Amino acid sequence: MDELLKRLNRYSRQCLTERTDPDFADAVEEAKRDLKDLRNEFCNKCGKYKTAHLGSCDGCRWKDGG
């Protein structure tokens, strides 16, 4: 998921609109938001985010995603 978010974030909405079409650009932007929300949901389920300042999230696969 992290790799997908990195790849999606390389393209701006304007770039996607110019190279494809506005509908596809909207779908990509929606997918970016959805993936970010999913990552945040995983952090809430784990619960360790409450002690992230103590290093509990170091090495977490969901910590960085874009």
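Going along each chain's sequence as written, the residues are numbered from 1 onward. Only residues with pLDDT of 70 or above have their local features reported here, since the model is predicted, and side-chain atom pairs are shown and tallied only from 80 upward, although totals for entire chains, interfaces and linings are computed over all residues. Hydrogens and waters are ignored; side-chain quantities use all the structure's heavy atoms.

*Asks:* Outline the overall build of the chain, listing residues and values.
*Replies:* When helices and strands are counted, the chain shows 3 helices and 0 strands. Counting from the N terminus, the helices are the DSSP runs of H or I reaching at least four residues and the strands are the DSSP runs of E reaching at least two. When the helices and strands of the chain are listed from N to C terminus, the series reads α-α-α. Based on C-alpha atoms, the radius of gyration is set beside the globule rule, defined as 2.2 Å times the residue count to the power 0.38. For 66 residues, the compact-globule estimate of 2.2 N^0.38 gives 11 Å, and the chain exceeds it by more than 25% at 15 Å. Across its three principal axes, the chain shows a C-alpha extent of roughly 45 × 15 × 15 Å. Partly exposed describes any residue whose relative accessible area lies between the buried limit of under 20% and the exposed limit of over 50%, with all areas from a 1.4 Å probe on protein chains only and scaled to the type maximum. Of all 66 residues assigned to the chain, the portion counted as buried reaches 20%. Two residues form a contact once any of their heavy atoms are found within 4.5 Å. By sequence separation, contacts in the chain at least 24 residues apart represent 52% of the contacts at least 6 residues apart.

*Asks:* Residue-level account of the pattern of salt bridges, with values.
*Replies:* By definition here, a salt bridge exists when the distance from a side-chain nitrogen of Lys or Arg to a carboxyl oxygen of Asp or Glu is within 4 Å. A complete count under the given rule lists 2 salt bridges for this structure. In this structure, Asp26 and Arg13 form a salt bridge, with 2.3 Å as the shortest nitrogen-oxygen distance. Of this pair, Asp26 sits in helix H3 (residues 22-46) while Arg13 is found in helix H2 (residues 13-19), placing the two residues 13 residues apart along the sequence. Judged by its relative accessible area of 36%, Asp26 falls in the partly exposed class. Residue Lys32 is joined to Glu29 by a salt bridge in which the shortest nitrogen-to-oxygen separation is 3.1 Å. Here Glu29 and Lys32 lie together in helix H3, a separation of 3 residues that amounts to about one turn.

*Asks:* Quick one: what's the story with the confidence of the model for the chain, residue by residue and with numbers?
*Replies:* Per-chain confidence: the chain averages 80 in pLDDT, with 91% of residues scoring 70 or above. Of all helices and strands in the chain, the one with the weakest mean pLDDT is helix H1 (residues 2-9) (78), whereas H2 scores best (85). Scored from 0 to 100, pLDDT records how confident the predictor is in each individual residue.

*Asks:* I'd like a rundown of the nonpolar core, residues and numbers included.
*Replies:* Remark: nonpolar core denotes a set of buried residues (Ala, Val, Leu, Ile, Met, Phe, Trp, Tyr, Cys) joined through side-chain atoms within 4.5 Å. Grouped together as the largest cluster of nonpolar side chains are 6 residues: Leu5, Leu8, Leu16, Ala25, Val28 and Leu35. Elements supplying a minimum of two residues to this core: H1 and H3. Ranked by residues supplied to this core, first place goes to H3 with 3 residues. Filtering out sequence-adjacent residues up to four positions away, Ala25 remains in contact with Arg13, Leu16, Thr17 and Thr20.

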